[in-house]
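The primary structure of each chain is shown beneath.
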Amino acid sequence: AQKRRPGHAILYMNSVYLWPFDTASAQGKAVQVLDVHGEPHMESCDPGIFPSYFWDFGRAAGQRAWLDIITDHIVNGPADGVYDDCDSTIPLRCPDPESGNNTCIAKRNGHMASVNEEVTRAQMEAYTAGKNETMSQAAALVGPNGTFFNKNARKPTVGGPVFGGGNLQ
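All values reported here derive from a predicted model rather than from experimental measurement. (Residues numbered from 1 in each chain as written. Predicted model: local features only at pLDDT ≥ 70, side-chain atom pairs only at ≥ 80, totals over all residues. Heavy atoms only, no water.)

With respect to the overall build of the protein
Quick reminder of the rule: Helix and strand definitions here come from DSSP, where helices need a minimum of 4 consecutive H or I residues and strands a minimum of 2 consecutive E residues; each element is numbered from the N-terminal end. Per-residue accessibility, obtained with a 1.4 Å probe over protein chains only, is compared with the maximum for each type, and a residue is labelled buried under 20%, exposed over 50%, and partly exposed between these values. Residues count as neighbours in contact if any of their non-hydrogen atoms are within 4.5 Å of one another. Computed with the Shrake-Rupley method and a 1.4 Å probe, the accessible areas treat only the protein chains shown as cover for residues.
Secondary structure summary: the protein contains two helices and 10 strands in total. Reading the protein from its N terminus to its C terminus gives the helix and strand order β-β-β-β-α-β-β-β-β-β-α-β. By residue count, 43% of the 169 residues in the protein fall in the buried class. Put simply, of all contacts in the protein between residues at least 6 apart along the chain, 65% involve residues at least 24 apart. Of the roughly 8900 Å² that the protein leaves accessible, carbon and sulfur atoms contribute 54%.

Given below as structure tokens:
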């Protein structure tokens, strides 16, 4: 009524952790990183939320669930953009392939409780490729008129951003 611009809203998304209180978490194992026994990896994240799961970007269901949130809240919703925390973080680690050891670990926070950590090299490779593709698709969904802040991306002067093609650092 007073000709003020509408307010702006930025959606916070974490591209490592899927918390049990997130709606997408109700999809369970379909969207969570699973260990070699088919159990979800769980750990305490920085503020101590346990269980905190990992999004599984190595499988289509995990990718789709993450992108659905962008679609629901930015493309079709009130948010102008996303703050993508942990954009370039790959929480699955493997030893040097020359060692012949294909036992890999899912773990981001090394100082807190963590269970169901053993994953395979194939999972880590699928996760990495899937996360890259998902973040690129998310940035495209946000588009040039929204903001896609990827906090952990490298500065352009050192070859970044790593994931997503974000337009704000």
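Read on, since the account is not over.
Digging into the packing of aromatic side chains
Aromatic rings considered in pairs are described by the distance between their centres and by the relative angle of their planes. Let me state the cut-off plainly: Two aromatic rings, drawn from Phe, Tyr or Trp (for Trp, its six-membered ring), form a pair once their centres lie within 6.5 Å of each other, and the interplanar angle then sorts them: stacked below 30 degrees, edge-to-face above 60, tilted otherwise.
All told, the structure shown has eight aromatic pairs when counted by the stated rule. On the basis of an interplanar angle of 70° and a centroid distance of 5.7 Å, the ring pair of Phe57 and Tyr127 is categorised as edge-to-face. One end of the pair, Phe57, is in the loop between strand 4 (53–54) and helix 1 (60–75); the other, Tyr127, is in helix 2 (residues 121–142), with 70 residues separating them in the sequence. We classify Tyr127 as buried; its relative accessible area is 0%.

Here we look at the sheet that holds strand 9 (residues 118–120)
Note: strands within a sheet are paired through backbone hydrogen bonds, in either parallel or antiparallel orientation. Defined as follows: Pairing between two strands requires that DSSP report at least two bridges joining them. Here an axis means a line fitted to C-alpha atoms, over the contact stretch when the element is a helix, while the angle between two N-to-C directions is reported on a 0 to 180 degree scale.
The strand order across the open sheet formed by three strands is 6-7-9, and the pairing between neighbours is antiparallel. Strands at the two margins of the open sheet, each flanked by one partner only, are strand 6 (92–93) and strand 9. Taken together, the two bridges between strand 6 and strand 7 (residues 103–106) define a ladder with antiparallel strand orientation. Paired with Arg93 across the bridge in strand 7 is Ile105. Along the sheet, helix 2 contacts strand 6, strand 7 and strand 9; its crossing angle with strand 9, the most-contacted strand, is approximately 75°.

Here we look at the pattern of salt bridges
Convention followed: Put simply, a salt bridge is a Lys or Arg side-chain nitrogen that is within 4 Å of an Asp or Glu carboxyl oxygen.
For the structure shown, the criterion picks out five salt bridges. With a shortest N-O distance of 3.5 Å, Lys29 and Glu39 are connected by a salt bridge. On the criterion of sequence distance, the pair formed by Lys29 in the loop between strand 2 (17–18) and strand 3 (42–43) and Glu39 in the loop between strand 2 and strand 3 is long-range, its members being 10 residues apart. Between Lys107 and Glu117 there is a salt bridge, with its nearest N and O atoms 3.5 Å apart. Of the two residues, Lys107 is situated in the loop between strand 7 and strand 8 (114–115) and Glu117 in the loop between strand 8 and strand 9; the sequence distance between them amounts to 10 residues. For Glu117, a relative accessible area of 22% corresponds to the partly exposed category.

So, the state of the cysteines
Our working definition: Note on disulfides: each one is a pair of cysteine sulfur atoms within 2.5 Å.
In the structure shown here, the tally under the stated rule is one disulfide. Cys94 shares a disulfide with Cys104; S-S distance 2.0 Å. Residues Cys94 and Cys104 are joined through a disulfide that is right-handed, its torsion about the S-S bond being 110°. One end of the pair, Cys94, is in the loop between strand 6 and strand 7; the other, Cys104, is in strand 7, and 10 residues separate them in sequence. Classification of Cys104 as buried rests on a relative accessible area of 0%.

Notes on helix 2
What sets the pattern is the α-helix's 3.6 residues per turn: residues three or four places apart point alike. The condition is simple: Between the first and last residue of a helix there are one fewer steps than residues, each counted as 1.5 Å, and that sum is the expected span.
The end-to-end C-alpha distance of helix 2 is 31 Å, a good match for the 32 Å that 22 residues give at a rise of 1.5 Å each. Regarding helix 2, the residues found buried are Arg121, Met124, Tyr127, Gly130, Lys131, Thr134, Met135, Ala138, Ala139 and Val142. Along its buried surface, helix 2 packs onto helix 1, strand 5 (81–85), strand 6, strand 7, strand 9 and strand 10 (147–150). Following helix 2 by one or two positions, Gly143 has its phi on the positive side, about 80°.

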